[in-house]
Amino acid sequence: MQDRDIKFDVLKAIGLLGIILAHVNPPTVLYQLRNFDVGLMVIASGALLSYTNSKKQPSYFNYLKKRIPRLIAPTWLFLAFYFTIFSLAGENFTQKVIIGTFGLTVGYVWIIRIFLIIAIVAPLIIRISRVLTKIQFLAVIFTAYLLHEVTLGAIRQIPRNVEC
């Protein structure tokens, strides 16, 4: 039997309940209370990854081979069911919406895209953190953040009507 720390399950359950609550139009007070839901899910997932990687060191590609299908398969299964049921009920979806949703670029599936990015990047960050001192690691993270901000600033300066 695998060692399991139930604290991570509790945190993820609280985050998931908050996400569900956000989509059922709760009273304002409850809506404000659940504002931490997505952040909690991301932080709990990252902490769980770090915790499990401290006990074993799986191959990066084996990890991705397991993790990506666990994110994509249920999402695509749900979307197939969703689009089928609503199409049968008379809803008209454009091809762009269907492809964009399955591509994780349209609609509420944006969080799955975030989890995919985390799945790809987090193991690399953990490995980098193990070979650097804390100060070096923080310097790398801070530099990456600065590069991100500079890149975003440069992208925002590009006129939108100009084709590259």
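Residues numbered from 1 in each chain as written. Predicted model: local features only at pLDDT ≥ 70, side-chain atom pairs only at ≥ 80, totals over all residues. Heavy atoms only, no water.

Visitor: Could you clarify how one ought to interpret the overall build of the protein in this entry?
Guide: Helix and strand counts for the protein come out as seven helices and zero strands. Reading the secondary structure of the protein in the N-to-C direction produces α-α-α-α-α-α-α. Against the compact-globule benchmark of 15 Å for 164 residues, the protein has a radius of gyration of 20 Å, which places it well outside the compact range. Overall, the protein is about 60 × 55 × 40 Å in size when its C-alpha atoms are taken along their principal axes. Across the 164 residues that make up the protein, the buried fraction comes to 21%. Contacts in the protein between residues at least 24 apart in sequence constitute 61% of all its contacts with a sequence separation of at least 6. (Helix = DSSP H or I, 4+ residues; strand = E, 2+ residues; numbered from the N terminus. Rg over C-alpha atoms; globule rule 2.2 N^0.38 Å. Buried < 20%, exposed > 50% of the residue type's maximum accessible area, 1.4 Å probe, protein only. Contact = heavy atoms within 4.5 Å.)

Visitor: Help me understand the packing of aromatic side chains, please; the structure alone is not making it clear to me.
Guide: Two measures describe an aromatic ring pair: the distance that separates the ring centres and the angle between the ring planes. By the definition in use, this model includes eight aromatic pairs. Here the aromatic cluster, defined as three or more aromatic residues joined through ring pairs, consists of W76, F78, Y82, F83, F86, F93 and F102. Seen from the ring of Y31, R34 lies directly overhead, with NZ or CZ sitting 4.4 Å from the centre. (Phe/Tyr/Trp six-rings, centres within 6.5 Å; stacked < 30°, edge-to-face > 60°. Lys NZ or Arg CZ within 6 Å of the ring centre and 35° of its normal.)

Visitor: Help me out: how do you make sense of the nonpolar core in this one?
Guide: Most often, soluble globular proteins keep nonpolar side chains buried together rather than apart. Grouped together as the largest cluster of nonpolar side chains are 18 residues, with contacts concentrated most on L49, Y63, L71, L104, I112, F115 and L116. Looking at this core, the elements that each hand over two or more residues are α3 (37-55), α4 (60-88) and α6 (110-131). The residues touching L104, leaving out its near neighbours within four places in the chain, are I72, T75, V109, W110, I112, R113 and L116. (Core = buried A, V, L, I, M, F, W, Y, C linked by side-chain atoms within 4.5 Å.)

Visitor: Explanation requested: the packing of α4 against helix α5 (residues 95-102) in the structure shown.
Guide: The relative placement of two packed helices is expressed as an angle between their axes plus a distance between the axes. In the contact formed by α4 and α5, the axes pass within 10 Å of each other and the chain directions differ by 160°. As summarised for this structure, α4 and α5 are arranged roughly antiparallel, according to the angle between their axes. Judged by the twist between their axes, the crossing of α4 over α5 is right-handed. Residues W76, L79, A80 and F83 of α4 lie in contact with α5, whose contacting residues are V97, I98, T101 and F102. Considered class by class, the residues forming the contact of α4 with α5 number seven nonpolar, one polar and no charged. (Axes fitted to C-alpha atoms, helices over the stretch in contact; angles between N-to-C directions. Parallel < 35°, antiparallel > 145°, perpendicular 65-115°, else oblique. Left-handed = near helix turned anticlockwise from the far one by under 90°. Nonpolar A, V, L, I, M, F, W, Y, C, P; charged D, E, K, R; others polar.)

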